[in-house]
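Spelled out, the chains give:
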Amino acid sequence: ILSVIGIACKQNARFVSRNSNSTDGNSCASTPELSRRKLPVSKDKDTKISEEIFTKVFSEKLMARINDLKTNQPLNSYLPLKLLIDIYQLKNNQNFLGNNDFSVLLRIAERNIGDLSYDNYLRKLFSQLLINLIKFQIVTKEKIEGMLDPFDFTGLRMILEVDAGEDVVSGELLREIEEAKL
């Protein structure tokens, strides 16, 4: 998965350099907002800025797609969420999303877990994502407190307590939250 993201970063960098407005190749015109930005002449800096732009756009689009997920959709529509579940199976990927996107992700997960029944596949995916985030210490008390709008696990804990007796995944997520003291 990460190699696919790396390939996409390189393709985005090539796209940005091919779609430049200026003759000197220093401006980026792939979108109106980017056309106002001047890219430095150095290729190393160009690549770094292009990757930063790609990462920001990629994570924003990923959050938008995850936010639009509905129950009873074709299974391939859940791929953005499955991508995050796979990425966050390792602790070394903890900086994949920025704090703002991370905060949004936690709220989307809480809303879906609260709105859907415990046997719903989408709820199980969101629960598995949160289990990975907590288990691999990607979500920590310090990280939550460092957010501009700190996430409170109280509501999620109450929802999970109701379903923990009937649902293994809800019980596992509740245990992870309690062990992490979130």
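Above this text sits the structure in question.
Residues numbered from 1 in each chain as written. Predicted model: local features only at pLDDT ≥ 70, side-chain atom pairs only at ≥ 80, totals over all residues. Heavy atoms only, no water.

## A closer look at unusual backbone geometry
What is expected of a backbone is that most residues other than glycine have negative phi and most peptide bonds are trans. At N72, a residue that is not glycine, the phi angle is positive and equals roughly 65°. Within the element layout of this structure, N72 appears in the loop between α3 (43-67) and α4 (79-87). Here N72 falls in the exposed class, since its relative accessible area comes to 72%. Notably, Q137 is not glycine yet its phi reads approximately 55°, a positive angle. With respect to the helices and strands, the residue Q137 is situated in the loop between α6 (121-135) and α7 (141-145). (Helix = DSSP H or I, 4+ residues; strand = E, 2+ residues; numbered from the N terminus. Buried < 20%, exposed > 50% of the residue type's maximum accessible area, 1.4 Å probe, protein only.)

## Some thoughts on the packing of helix α8 (residues 154-163) against helix α9 (residues 168-179)
Viewed as axis vectors pointing N to C, α8 and α9 meet at an angle of 140°, and their least axial separation amounts to 9 Å. Taken together, the axis directions place α8 and α9 in an arrangement best described as oblique. For α8 against α9, the interelement crossing comes out left-handed. Residues L156, R157, L160, E161 and D163 of α8 pack against S170, L173, L174, I177 and E178 of α9. (Axes fitted to C-alpha atoms, helices over the stretch in contact; angles between N-to-C directions. Parallel < 35°, antiparallel > 145°, perpendicular 65-115°, else oblique. Left-handed = near helix turned anticlockwise from the far one by under 90°. Contact = heavy atoms within 4.5 Å.)

## Digging into the environment of K70
As for its position among the elements, K70 is in the loop between α3 and α4. For the pair K70 and N112, spaced 42 residues apart in sequence, the C-alpha to C-alpha distance is 9.0 Å. When neighbours within four sequence positions are excluded, K70 is seen to be in contact with Y78 and L122.

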